[in-house]
Amino acid sequence: MEGMSLLSVDALLRDKHILFVMHTRITHFLTVFRDFTAPKCRSYHIIDHPLHPLKGTESKYMVYHKKNLVKKRSFPRISGPYTFNFFKDFFLTILWGLSAGVVYDVGIGANNLNTLSLLVLRRLGRIRNVIFMCIDYSPNRYDNTLLDWVYHWIDRMCCYHADVIWNSSGRMNEARVKNGVNRKRIAHTIVMPDGSNFDQKRRLPVERIDRNLIIYSGHMRPVMGVPLILDAYRELLHTVPSAKLILTGDGPDLEKYKEHARLLGLEKKAVFTGYLKTHEEVDEILRIGAIGLALFAPDKSSYEYYSDVGKPKAYLAAGMPVIITRVPEIADTIEQSKAGIVIEYRKVDLVNALIRLLKNDQVYREYRKNAIVLSKKYVWSTIFRSTWWETLDYLNSL
């Protein structure tokens, strides 16, 4: 793919009818993938199901010609158990696919249930090629044994029968093999990592950032290391009293973490922003920060171990060196690139890493420079271009 041009990808997509099916909680990926792909293909179709089918949510079917939305329909959630809506989504995808009036050249299912519905449509002659897009994976998906077995059986069928797999991490197929999947039957696999849409033109020079500002941006839940961050921050203040901490994001444990900060005497020092509605709001905070934190708890059954994570990419794009635990695959890349510091999940390691980056300006500037260089690898448009090229080149060779 060395020297690959944007025009070559345009040419490969130009006559294609593309269908993308996804369950969304937030629409960021849906939007950036549409904005890259839709202008390049003959028609671009989206089926967007709500990940959490709450009251007022609905499934949507949209058709784009280039950048223009030319068709839209919707179907409301149904009352009853949570799983009812997933059955509804499965059959609704098939119904909408059959009634679209086109044969899709490529159908992309973002999770195994959506991919299974596309495999049915391929069997019915409505799709030529199916891509199984796997954003996250865990060997132990559900506590319910039966539900977990069904989930992994569907995942296995998708691995065997899709034409191409897009995994977010190189670890996913290895985990599947350990979980009983036949390696020889797994479809052609391409790693499509998570990316960032941070506007690099808005990145600040090092002289204009807040050199004392530490940032955590992410979900407020147990495996994300927020209590460790708060405990380390209180200790850090004894050595670097000018250090500041901002934590952005919402989640089930937000109030619990605010109380933890209060008990540590940090209620006026650690700033919780809560949920920020747009990526622009998040970027406005990231661009002034000095250090980004990605402290995943060491759990080899977690999504973060087997899947790619987006948080470090946003930090890198903003120019922030990353302090990260050795859990996600990207930790090794950050360490090798000297774009941050990889630590064990311990308070003393976090405090020492923070002191090193906050007090040693020469080291900090070197790591910031390396972070910016590494971030160019994770621009969404670069990732999409490379993935589409490899995918269509492979499909055309069959």
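Data block above holds the structure.
Residues numbered from 1 in each chain as written. Predicted model: local features only at pLDDT ≥ 70, side-chain atom pairs only at ≥ 80, totals over all residues. Heavy atoms only, no water.

### Comments concerning the pairing of strand E4 (residues 68-76)
The following threshold applies: Strand pairing is defined by DSSP finding a minimum of two bridges between the two strands. Here a strand is any run of E in DSSP of at least two residues, a helix any run of H or I of at least four, and the numbering for each starts at the N terminus.
Relative to E4, strand E3 (residues 58-65) is paired through 8 bridges, and the arrangement is antiparallel. The residue of E4 that forms the bridge with lysine 60 is serine 74. From the end of E3 to the start of E4, which pair antiparallel, there are 2 residues, and lysine 66 there has a positive phi angle of about 60 degrees.

### Focus on the side chain of serine 59
Applicable threshold: We call two residues contacting when some pair of their heavy atoms lies within 4.5 Å.
The residue serine 59 is located in strand E3 in this model. Not counting residues within four places of it along the chain, the set of residues in contact with serine 59 comprises Asp48, His49, Pro50, Arg73, Ser74, Phe75, Lys88, Asp89, Leu92 and Trp96.

### What about the sheet that holds strand E5 (residues 104-110)?
Keep this limit in mind: All axes here are fitted lines through C-alpha atoms, helices being fitted over the stretch that makes contact, and every angle between N-to-C directions spans 0 to 180 degrees.
Here we have 8 strands laid out as an open sheet, ordered E4-E3-E2-E1-E5-E6-E7-E8, and mixed in their pairing. Strands with a single pairing partner mark the edges of an open sheet, and in this sheet they are E4 and strand E8 (188-191). Neighbour to neighbour, the strand axes of the sheet diverge by 20 degrees on average, direction disregarded. Summarising the sheet, strand E6 (residues 127-134) and strand E7 (residues 164-167) pair through 4 bridges and their orientation is parallel. The residue of E7 that forms the bridge with methionine 133 is tryptophan 166.

### Side note on the nonpolar core
Operational definition: We define a nonpolar core as any set of buried Ala, Val, Leu, Ile, Met, Phe, Trp, Tyr and Cys residues linked to one another through side-chain atoms lying within 4.5 Å. Accessible area is worked out with a 1.4 Å probe on protein chains only. A residue is then buried under 20% of its type maximum, exposed over 50%, and partly exposed in between.
In this structure, Phe20, Ile108, Trp166, Leu230, Ile323, Leu350 and Trp388 are the most contacted members of the largest nonpolar core, which totals 136 residues. By residue number, the principal contributor to this core is helix H7 (residues 226-239), which donates 8 residues. Ignoring any residue separated from it by four or fewer positions in sequence, one finds tryptophan 388 in contact with Val9, Leu13, Ile18, Phe33, Phe36, Thr37, Val106, Ile108 and Trp166.

### Notes on the sheet that holds strand E10 (residues 244-248)
Strand pairs in the sheet, formed through backbone hydrogen bonds, run parallel or antiparallel to each other. Pairing is parallel in the open sheet, where 6 strands are placed in the order E11-E10-E9-E12-E13-E14. The open sheet has two edge strands with one neighbour each: strand E11 (270-274) and strand E14 (340-343). Across the sheet, the mean angle separating the axes of adjacent strands is 20 degrees when strand polarity is ignored. Summarising the sheet, strand E9 (residues 213-217) and E10 pair through 5 bridges and their orientation is parallel. Counted as the bridge partner of isoleucine 214 is leucine 245 from E10. Across the sheet, H7 touches E9, E10, E11 and strand E12 (291-294), and the angle it forms with E10 is around 165 degrees. Across the sheet, helix H11 (residues 311-318) lies against E9, E12 and strand E13 (322-325), angled at about 175 degrees from E12, the strand it touches most.

### Considering the packing of aromatic side chains
Where we set the bar: Here a Phe, Tyr or Trp ring, Trp counted by its six-membered ring, pairs with any other such ring whose centre lies within 6.5 Å, and the pair is stacked when the planes are under 30 degrees apart, edge-to-face when over 60, and tilted otherwise. Each ring is checked for a lysine NZ or an arginine CZ that lies within 6 Å of its centre and within 35 degrees of its normal; such an atom marks a charge sitting over the ring.
Tallying each qualifying case throughout the model produces 17 aromatic pairs. When the ring of phenylalanine 33 is compared with that of phenylalanine 384, the centres are 5.1 Å apart and the planes differ by 85 degrees; the resulting orientation is edge-to-face. Here phenylalanine 384 lies in helix H15 (residues 380-397) and phenylalanine 33 lies in helix H2 (residues 28-37), a separation of 351 residues in the sequence. Using a relative accessible area of 1% as the deciding quantity, one classes phenylalanine 384 as buried. Through successive ring pairs, a cluster of aromatic residues spans Phe20, Phe29, Phe33, Phe36, Tyr44, Trp166, Trp380, Phe384 and Trp388. The ring of tyrosine 160 has arginine 185 lying over it, and the distance from NZ or CZ to the ring centre is 3.9 Å.

### Describing the state of the cysteines
Which entries qualify depends on this criterion: Throughout, a disulfide means two cysteine sulfur atoms within 2.5 Å of one another.
The tally for this structure, following the rule as stated, stands at 0 disulfides. The thiol of cysteine 134 is unpaired, and the distance to the nearest cysteine sulfur, on cysteine 159, comes to 7.3 Å. Given a relative accessible area of 4%, cysteine 134 falls into the buried group. With no disulfide of its own, cysteine 159 lies 7.1 Å from the sulfur of cysteine 158, the closest cysteine sulfur.

### Structural notes on the pattern of salt bridges
Between side chains of opposite charge, a pair can form as their charged atoms come close. Stated precisely, the cut-off is as follows: What makes a salt bridge here is a side-chain nitrogen of Lys or Arg within 4 Å of a carboxyl oxygen of Asp or Glu, nothing more.
One pass over the structure, following the stated rule, counts 22 salt bridges. The salt bridge partner of glutamate 259 is arginine 262, with a shortest N-O separation of 2.6 Å. With glutamate 259 and arginine 262 both in helix H8 (residues 254-263) and 3 residues apart, this pair spans about one turn of that helix. By relative accessible area, which is 43% here, arginine 262 ends up partly exposed. Across the pair aspartate 308 and lysine 313 runs a salt bridge whose closest N-O atoms are separated by 2.6 Å. Each member of the pair aspartate 308 and lysine 313 is classed as buried. Sharing partners across several salt bridges, the network here consists of Glu207, Arg211, Asp361 and Arg365.

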